[in-house]
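Below, each chain spelled out in residue letters.
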Amino acid sequence: MAWSRSFALAAVLLGFLSCCYAPVPSLASSGSDGFLQCLSAAMPKQLLYTQSSSSFTSVLTSSVWNHKFLTASTVRPFAIVKPTNASHVQAAVVCGRQNDVRIRVRSGGHDYEGLSYRSERPEVFAVLDLADLRSVSVDPKAATAWVESGATLGELYYAVSKASKLLAFPAGLCPTVGVGGHFSGGEFGMLVRKYGTAIDNVLDATLVDAKGRLLDKQAMGADVFWAIRGGGGGSFGVVLSWKVKLVPVPPTVTMFILPKSVDEGAIDILAKWQEVAPAFPEDLFINVVITKQVAKFQSMYLGTCDALLSLMETRFPELGLNRTHCKEMTWIQSVPYIYLGTTATVEDILDRSTSASSSSKSTSDYVRQAITKDVWAQIFAWLAKPNGGVMIADPYGGKVSSFSESATPFPHRGGVLYNIQYMNFWPAATDGSAQTKWLKDLYAFMEPHVSQNPREAYVNYRDLDLGQNVVVGNLTSYKAAQVWGEKYYKDNFKRLAMAKGEVDPEDYFRNEQSIPPFVASK
């Protein structure tokens, strides 16, 4: 994929008329040319893609999961860097700093607002795509693994299962999510009540900081290591790899997917679910996906069907679970079962291909007091409206709630009954205004029924409508960032800003919702 510097600059000056994205500002004096020259001396040219490269668009869109960021108005990078080792990442940071070119880091591209590969405003930036830094090394005797940030959860899970059938890792449901962004926000899945979030099981990490230094846990210091485990991606540097603690699972887990319509008593069942699900034994996780007039209960139990049926008969008979609903399998078989469908195979979780055929918008809430039946009836009415979307509720309690709010930047611990994710989708050919309005209106309706002061949100369900950064004197304003930051992090936000000031006081790593450096706050 050879490229010509002079041709690349000419293409910039012509405004990249052949591309489908909005052009970046004129780069003639921005340092972009110097950035490319600098990188060309430090890494193979075939790992650099400019907008004049024939493969630029395919590389850029290779992990874009939301079609609304493939429109003519999207502000895209002027270059993409695909490192294959740590020195390439270090060079990208050093060259970026020297030439006043910021980088955005992408691991899997699932970030809901696309901030790892696009900008809300005209800006000169490059994307550091970690897709080729994806190795997984498992030590089954020590029950640990090193995983690079460009690996997907599917690749991590698969490698763990090949090393041991009795080990797992507690992270999210979606196998195509990249580890780097996923771990950076905290992340939880069906093992969250048994073993906590992903970051509760991170032992070490390697970080390239704003000076281009390669740091491990000891070298980066306790405050920065604390911050990267849940403080969100794109703020503190480039996390190249993570050492994680693997967790034991039994040879048999039991899954079920059981839908209940409003006519079948879904409102009463949901009212009971929100009380019992956070209080179940830690081996049982039951979440709910609600669309239109149906609540679909999805579960993993770390044990056999017989044991699950006995527990459900005692604690949650209202759901009506019976033996025909049970599906016994291994833990690794459970990974594709819920997310990819009941006929998917374990090998399917290795598929990294994207399909950005629709657009979407999401936001989130936390519930600390049970929602009454009459409100649930109103929620179902909202979901039944034209252009209505999806509501997903995941129970907490158990291990995730046993940590203090300050143990990691992820503060949603004791007292949380469940997390809510609201999502809506629309065809790529439409603007989504009706679906977005529905989402905003439902979010406004829910305000009295969810957490207060602050109204909590989950950073990996990133929502720019909660607030965006303001840059003052080339530094992100701490005061402006508090608007969204305390919703994601509560009282941990200030400590995150102090860690940012320690590792990146000049605010090199920043985006529309990055942590500001507290030491020079405005």
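Owing to the predicted nature of the structure, the values given are computational and were not obtained by experimental measurement.

Draft legend 1. View of the overall build of the protein. If you tally the helices and strands in the protein, you get 16 helices and 20 strands. Computed over its C-alpha atoms, the radius of gyration of the protein comes to 23 Å, within 12% of the 24 Å expected for a compact globule of 522 residues. Viewed in the frame of its principal axes, the protein has a C-alpha envelope of about 70 × 55 × 45 Å. Expressed as a percentage of the 522 residues in the protein, the buried residues total 59%. A sequence separation of at least 24 residues applies to 75% of the contacts in the protein between residues at least 6 apart. Roughly 19400 Å² of accessible area belongs to the protein as shown, and the carbon and sulfur atoms make up 53% of that amount. Charge centroids of the protein, computed over 49 positive and 47 negative side chains, lie 3 Å from each other.

Draft legend 2. Region of the structure containing the sheet that holds strand 4 (residues 125-129). Read across the open sheet, the four strands follow the order 1-2-4-3; overall the sheet is mixed. Every other strand in the sheet has two partners, leaving strand 1 (48-50) and strand 3 (102-106) as the edge strands with one partner each. Within this sheet the neighbouring strands show an average axis-to-axis angle of 25 degrees, counted without direction. Sheet topology note: the strand 3/strand 4 ladder contains five bridges and is parallel. Bridging from a neighbouring strand, Arg104 pairs with Val127 of strand 4.

Draft legend 3. View of the nonpolar core. Formed by 122 residues in total, the largest nonpolar core has its most connected members in Phe183, Trp273, Phe297, Met312 and Met446. With sequence-adjacent residues up to four places away left out, Phe183 is seen in contact with Val147, Leu153, Leu156, Phe169, Ala171, Ala198, Ile199, Val202, Ile228, Gly230, Trp242 and Val244. With 27 residues, the next largest nonpolar core counts Leu48, Val101, Val238 and Tyr508 among its residues.

Draft legend 4. The sheet that holds strand 6 (residues 144-148), seen in detail. With antiparallel pairing, the five strands of this open sheet are ordered in space as 5-6-10-8-9. Of all strands in the sheet, those bounded by a partner on one side alone are strand 5 (136-139) and strand 9 (214-215). Set on the sheet, helix 4 (residues 86-98) makes contact with strand 8 (202-208), strand 9 and strand 10 (238-245); between it and strand 10 the angle comes to about 140 degrees. Along the sheet, helix 5 (residues 153-163) makes contact with strand 5 and strand 6, crossing strand 5 at roughly 35 degrees.

Calculation notes
- Residues numbered from 1 in each chain as written.
- Predicted model: local features only at pLDDT ≥ 70, side-chain atom pairs only at ≥ 80, totals over all residues.
- Heavy atoms only, no water.
- Helix = DSSP H or I, 4+ residues; strand = E, 2+ residues; numbered from the N terminus.
- Rg over C-alpha atoms; globule rule 2.2 N^0.38 Å.
- Buried < 20%, exposed > 50% of the residue type's maximum accessible area, 1.4 Å probe, protein only.
- Contact = heavy atoms within 4.5 Å.
- Areas by Shrake-Rupley, 256 points an atom, 1.4 Å probe, with all protein chains shown as cover.
- Lys, Arg positive; Asp, Glu negative; His and termini not counted.
- Charge placed at Lys NZ, Arg CZ, Asp CG, Glu CD.
- Pairing = 2+ DSSP bridges.
- Axes fitted to C-alpha atoms, helices over the stretch in contact; angles between N-to-C directions.
- Core = buried A, V, L, I, M, F, W, Y, C linked by side-chain atoms within 4.5 Å.

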